[in-house]
Amino acid sequence: MAEQPTSTDARPERLTSRDPDAFPAITGREEEWRFTPLYRLRGLHDGTATVDGTLSVDGDFETIGPDHPLVGTALTPADRPSAQAMRDFKEGQLVTVEGEVAEPIVLRFKGSGEASYGHVVVDAKPFSKAVVVLDHSGGGTHAGGVELIVGDSADLTLVSVQDWDDDAVHLSAQAARLGRDARFKSVVVTFGGDLVRLAPTVTYAGQGGDAQLLGLAFADAKQHLEHRLFVDHAVPNCRSRVTYKAAAQGTEAHTVWIGDVLIRAGASGTDTYELNRNLLLSDEARADSVPNLEIETGEIAGAGHASATGRFDDNQLFYLQSRGIAADEARRMVVRGFFHEVVRQIGVPALEERLDAAIDRELSATGGAK
Amino acid sequence: MTTLEIRDLHVSVDEKPILSGVDLTIRSGETHAIMGPNGSGKSTLAYSLAGHPKYTVTSGTVTLDGEDVLSMSVDERARAGMFLAMQYPVEVPGVTVSNFLRTAATAVRGEAPTLRHWVKEQKAAMASLDMDPAFATRNVNEGFSGGEKKRHEILQLELLKPRIAILDETDSGLDVDALRVVSEGVNRVRSTGETGTLLITHYTRILRYIEPDFVHVFVGGKIVEEGGKELADELEANGYARFTSGAAV
C-alpha cells in the first residue's frame with residue numbers, strides 16, 4: 001500500500017510516497033524546487049549521491065532501522081530525497097517520552113564530512129510533556145526525516161538547531177502528527193550550512209490540536225536557507241500559529257520561506273495565522289516569501305497570513321546612534337530586536353541566550369559593523 | 001562652559017539647497033528659540049547638526065568648543081554632548097525602553113551605570129515626567145501616543161544631560177497638560193546651567209512655559225532677524241507675514 005502514490009484533491013501537486021522512484025525526476029522548474037539550487041544538493045535530489053556515512057549522535061535514545069513499526073506514522077515523504085532517506089537510513093533514533101520530563105532531552109548530531117541518511121522518531125505518549133532538542137553541527141551532506149508523534153493531550157516542544165559548518169548540506173522533513181487536544185511547538189533555528197532545506201509539516205489526528213511553529217534563520221554570503229511549511233487542517237477545531245523571521249546579508253545570501261496552510265472541508269472551527277518577516281541587511285541579499293492559504297470551508301474561527309520583506313531601516317540606526325550608541329552596537333540592537341518577537345516565544349531560556357550570542361556572532365562575522 | 005558655533009552653514013537635500021548660510025552661537029545656560037514658518041528649513045538645521053545622512057553640508061562649519069562637529073559620526077556627536085529631541089521619534093521593534101536607555105547612558109557616560117543606581121535614576125526621571133513605570137518594558141516608540149513619544153524624548157534629555165540640546169518641534173502634538181509636563185522637564189535641565197538649548201518651534205505657545213533668552217526668526221533657510229523674547233510676542237500677534245513677503249520660501 002505504502003508504495004502507491006497518493007495525492008489530495010486540493011493539492012494535486014503534493015504527491016506523497018515512501019518509494020523514491022514514485023516521484024518524477026526533479027528538474028528545478030517544479031513549484032516546490034524552483035527556489036533551490038539543485039547543483040548544490042550533491043546528488044541528493046536524483047539518487048546519484050553516494051550515501052554511506054553517518055552522523056555521530058550523542059544522547060539518550062533507542063537505535064532503530066527503517067522497518068521499525070513507528071517509522072512512517074507521522075511522515076509520508078513528499079519528495080524524492082525524503083523518501084530515499086526514509087528507505088535507506090542505517091541508524092535512526094527513537095526517543096520515547098512518558099510522563100512529564102523536566103529537563104530538555106538533547107540529541108547532538110555531528111557531521112564529519114560524510115554523506116548520510118538519518119531518521120528520528122519522537123514518540124510522545126498521551127499526557128506526556130517534554131522539550132526535545134536536535135542539535136546539528138559539523139559538516140557533510142545529510143538528508144533525513146523527523147517524525148513527531150504527539151499523543152492525545154501530550155505537550156511536545158521540538159527544537160531543531162542547524163548550526164552547521166559552512167560546507168554542510170541538509171535536507172530534512174519534520175512531520176508532526178497531533179492527537180486529540182495535543183500541543184506541539186516547533187522551534188527551528190537555522191544559522192549554519194551551505195544549503196539547508198527544512199520542511200516542517202503538521203497534521204491533526206484528533207480535535208483540539210494546537211501547533212505553534214517558530215523559526216529563525218540568518219543567512220550570510222552564499223548561504224541558502226529554505227524553510228517550507230505545510231499545516232494540513234483536516235479535522236475540526238484545531239489551531240495553528242506560524243511565526244518565521246529571517247535575516248540575510250552578503251553576496252548570494254538567500255532565505256526562502258513557504259507557508260502552506262490547507263483548511264479542508266471537514267475542518268470547521270479551524271483557527272490559523274501565519275506570519276513571515278524578512279530583513280535584508282545588504283543590497284545583494286535576497287529573501288523569497290510565499291504564504292499560501294487554501295480554505296475549503298466557510299465554517300472557520302479565523303485564518304490569516306502576513307508576509308513582509310524589508311531592508312535595514314537607516315532611520316532606526318540614526319535614532320540609536322543619535323543617542324551615542326556606536327553603529328555596530330546599534331545594528332546589533334535592531335537585528336536582535338527584529339528576532340526578539342520569535343525568541344521570546346521559545347520558552348527555553350538556555351536557547352534564548354544562545355540565540356542572542358549567535359545573532360551577535362553572525363553580525364560580527366560578516367562585517368555587521370559596517 | 002560649552003559653546004556651539006554654527007558658521008555660514010549651507011545644507012542640501014538631494015542636491016536641493018535648504019539652508020543658505022546659518023550663523024548661530026549657543027552657550028551653556030542659554031536658551032535660543034528658532035521660529036519660522038513650515039518649510040523654512042528649521043528641522044533641516046536640527047537634523048544636520050545631529051548628522052543625519054540624508055542631509056549634505058555643502059559649506060560652513062559647526063564646532064563644539066572648537067572641535068569639528070561635522071567630521072564626527074552621528075554617535076560621536078552624541079558622545080561629545082549633542083542631543084536632538086526629535087519631532088518624529090523612530091520605532092525600534094523588539095528593543096525595550098529600559099534596554100535602550102541604559103545602552104544610551106552607557107555610551108554617553110563612557111561606562112555602564114551600576115544596575116542599582118540606574119534603576120533608581122530611571123524610575124525617578126520617569127516619575128517626574130508622570131510616566132507609568134510599565135512604560136520601561138515597552139518597545140521603543142512602538143505604539144506610543146504623540147504625547148508618550150515626546151515624554152520619552154525629554155526623559156532621554158534628562159538622563160543623558162547633554163551639553164547642547166536641540167528640541168525639534170517638541171510642542172507639536174501635545175495637549176496642554178502634556179506640554180506643561182514636558183516643559184517642566186526641559187526647565188529642570190536648563191536650570192542646571194550646564195546645557196545650552198536650541199528650541200525649534202512653529203508656534204509661540206511653548207515659549208510661555210520655556211522662556212527663551214534669544215529669539216531667531218528663520219525664513220528661507222537662514223536667520224533673518226534676531227531679538228529677545230519680545231520678538232516672539234510680535235510673531236504671536238502678527239505671524240510671519242512681515243518676514244516672508246519678500247523671501248523665497
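Basis of the calculations
Residues numbered from 1 in each chain as written. Chains lettered and ligands numbered in written order. Predicted model: local features only at pLDDT ≥ 70, side-chain atom pairs only at ≥ 80, totals over all residues. Heavy atoms only, no water. Helix = DSSP H or I, 4+ residues; strand = E, 2+ residues; numbered from the N terminus. Rg over C-alpha atoms; globule rule 2.2 N^0.38 Å. Buried < 20%, exposed > 50% of the residue type's maximum accessible area, 1.4 Å probe, protein only. Contact = heavy atoms within 4.5 Å. Areas by Shrake-Rupley, 256 points an atom, 1.4 Å probe, with all protein chains shown as cover. Lys, Arg positive; Asp, Glu negative; His and termini not counted. Charge placed at Lys NZ, Arg CZ, Asp CG, Glu CD. Axes fitted to C-alpha atoms, helices over the stretch in contact; angles between N-to-C directions. Parallel < 35°, antiparallel > 145°, perpendicular 65-115°, else oblique. Left-handed = near helix turned anticlockwise from the far one by under 90°. Nonpolar A, V, L, I, M, F, W, Y, C, P; charged D, E, K, R; others polar. Domains from an automatic or database assignment. Buried area = accessible area lost by both parts, 1.4 Å probe. Salt bridge = Lys/Arg side-chain N within 4 Å of Asp/Glu carboxyl O. Polar contact = N/O pair within 3.5 Å; in protein donor to acceptor, adjacent residues only side chain to side chain. Core = buried A, V, L, I, M, F, W, Y, C linked by side-chain atoms within 4.5 Å. Pairing = 2+ DSSP bridges. 1 Å grid on protein atoms, 1.4 Å probe; cavity = no way out; pocket = protein on both sides within 12 Å on 5 of 7 lines; lining within 4 Å. Points joined across faces, edges and corners; volume = space filled by probe spheres on them. pLDDT = per-residue confidence, 0-100.

**As for the overall build of chain A**
In step 1: Counting secondary structure elements, chain A contains four helices and 16 strands.
In step 2: Computed over the C-alpha atoms, the radius of gyration of chain A is 20 Å, within 12% of the 21 Å expected from 2.2 N^0.38 for a compact globule of 370 residues.
In step 3: Dimensions along the principal axes, computed over C-alpha positions, put chain A at roughly 65 × 50 × 45 Å.
In step 4: When burial is assessed residue by residue, chain A has 58% of its 370 residues classed as buried.
In step 5: A separation threshold of at least 6 residues defines the contact pool for chain A, and within that pool the share at least 24 residues apart is 84%.
In step 6: Carbon and sulfur atoms provide 46% of the accessible area of chain A, an area that totals close to 14300 Å².
In step 7: For chain A, the distance from the average site of its 36 positive side-chain charges to the average site of its 56 negative ones is 4 Å.

**Section: the packing of helix H4 (residues 115-128) of chain B against helix H5 (residues 146-160) of chain B**
Residue and element names in this part refer to chain B.
In step 1: Two elements in contact, H4 and H5, have axes whose closest approach is 10 Å; the angle formed by their N-to-C orientations is 135°. In this view, H4 runs oblique relative to H5, as classed from their interaxial angle. Where H4 crosses over H5, the handedness of that crossing is right-handed. Residue-level inspection shows Trp 118, Glu 121, Gln 122, Ala 125, Met 126 and Ser 128 of H4 in contact with H5, the latter providing Leu 155, Glu 158 and Leu 159.
In step 2: By residue class, the composition of the contact of H4 with H5 is five nonpolar, two polar and two charged.

**A look at the domain arrangement of chain A**
Residues and elements named next belong to chain A.
In step 1: Taken domain by domain, chain A consists of domain 1 (20-311) and domain 2 (313-370).
In step 2: Centre-to-centre separation of domain 1 and domain 2, based on C-alpha positions: 26 Å.
In step 3: Between domain 1 and domain 2, roughly 2100 Å² of surface is buried when both sides are summed, and carbon and sulfur atoms account for 65% of that area.
In step 4: By the criterion of area lost to domain 2, the three top residues of domain 1 are Phe 191, Leu 216 and Lys 245, representing 27% of everything that side buries.
In step 5: Our enumeration of links across domain 1 and domain 2 arrives at three salt bridges.
In step 6: The partner of Lys 245 in a salt bridge is Glu 341, and the shortest N-O contact between them spans 2.9 Å.
In step 7: Linking domain 1 to domain 2 there are eight residue pairs in polar contact (both at pLDDT 80 or more).

**What to know about the nonpolar core**
In step 1: In this structure, Val 335 and Phe 339 of chain A together with Leu 4, Ile 6, Leu 45, Ile 166 and Leu 198 of chain B are the most contacted members of the largest nonpolar core, which totals 112 residues.
In step 2: Each of two domains, domain 1 (20-311) and domain 2 (313-370) of chain A, supplies a minimum of three residues to this core.
In step 3: In this structure, Leu 45 of chain B is in contact with Ile 6, Leu 9, Leu 19, Val 22, Ile 34, Leu 198 and Phe 218 of chain B, ignoring residues within four places of it in sequence.
In step 4: Judged by nonpolar contacts, the second largest core, of 50 residues, contains Ile 105, Ala 124, Ala 182 and Ala 253 of chain A.

**Focus on the sheet that holds strand S4 (residues 55-64) of chain B**
Residue and element names in this part refer to chain B.
In step 1: What the four strands build is an open sheet, ordered S2-S1-S4-S5; its pairing is antiparallel. Edge positions in the sheet fall to strand S2 (16-27) and strand S5 (67-68), since each has one partner strand and no second.
In step 2: Direction of pairing for strand S1 (residues 3-13) relative to S4: antiparallel, over a ladder of eight bridges. Paired with Ser 12 across the bridge in S4 is Thr 56.

**Quick look at the layout of surface pockets**
In step 1: Considering only enclosed or pocket space, the second largest pocket measures out at about 430 Å³ in volume.
In step 2: Along the wall of the second largest pocket there are 21 residues; nearest its centre are Lys 245, Arg 277, Gln 316 and Phe 338 of chain A together with Pro 93 of chain B.
In step 3: For the lining of the second largest pocket, the elements supplying multiple residues, two or more each, are strand S14 (271-280), strand S16 (302-311) and helix H3 (327-343) of chain A together with strand S7 (92-96) of chain B.
In step 4: Examining the composition of the lining of the second largest pocket, we find that five residues originate from one element, H3 of chain A, more than from any other.

**Describing unusual backbone geometry**
In step 1: Backbone geometry at Lys 222 of chain A places phi at a positive 75°, although glycine is not the residue there.
In step 2: As for its position among the elements, Lys 222 of chain A is in the loop between strand S10 (210-219) and strand S11 (224-233).
In step 3: Located in the positive-phi region is Glu 15 of chain B, a residue other than glycine, with phi close to 70°.
In step 4: Relative to the elements of secondary structure, Glu 15 of chain B occurs in the loop between S1 and S2.
In step 5: What makes Glu 15 of chain B exposed here is its relative accessible area of 77%.

**Observations concerning the confidence of the model for chain B**
In step 1: Chain-level pLDDT for chain B is 94 on average; 98% of the residues reach the 70-or-more range.
In step 2: Across the predicted assembly, pTM comes out at 0.88 and ipTM at 0.96.

**Here's the deal with the sheet that holds strand S6 (residues 82-85) of chain B**
All names here are of chain B.
In step 1: Across the sheet, which stays open at both edges, the six strands sit in the order S6-S9-S10-S3-S11-S12 with mixed pairing between neighbours. Looking at which strands have only one partner, the edges of the open sheet turn out to be S6 and strand S12 (222-227). Sheet twist, expressed as the mean angle between neighbouring strand axes with direction ignored, is 20°.
In step 2: Relative to strand S9 (residues 164-168), S6 is paired through four bridges, and the arrangement is parallel. Looking at S9, one finds that Ala 85 is bridged to Leu 167.

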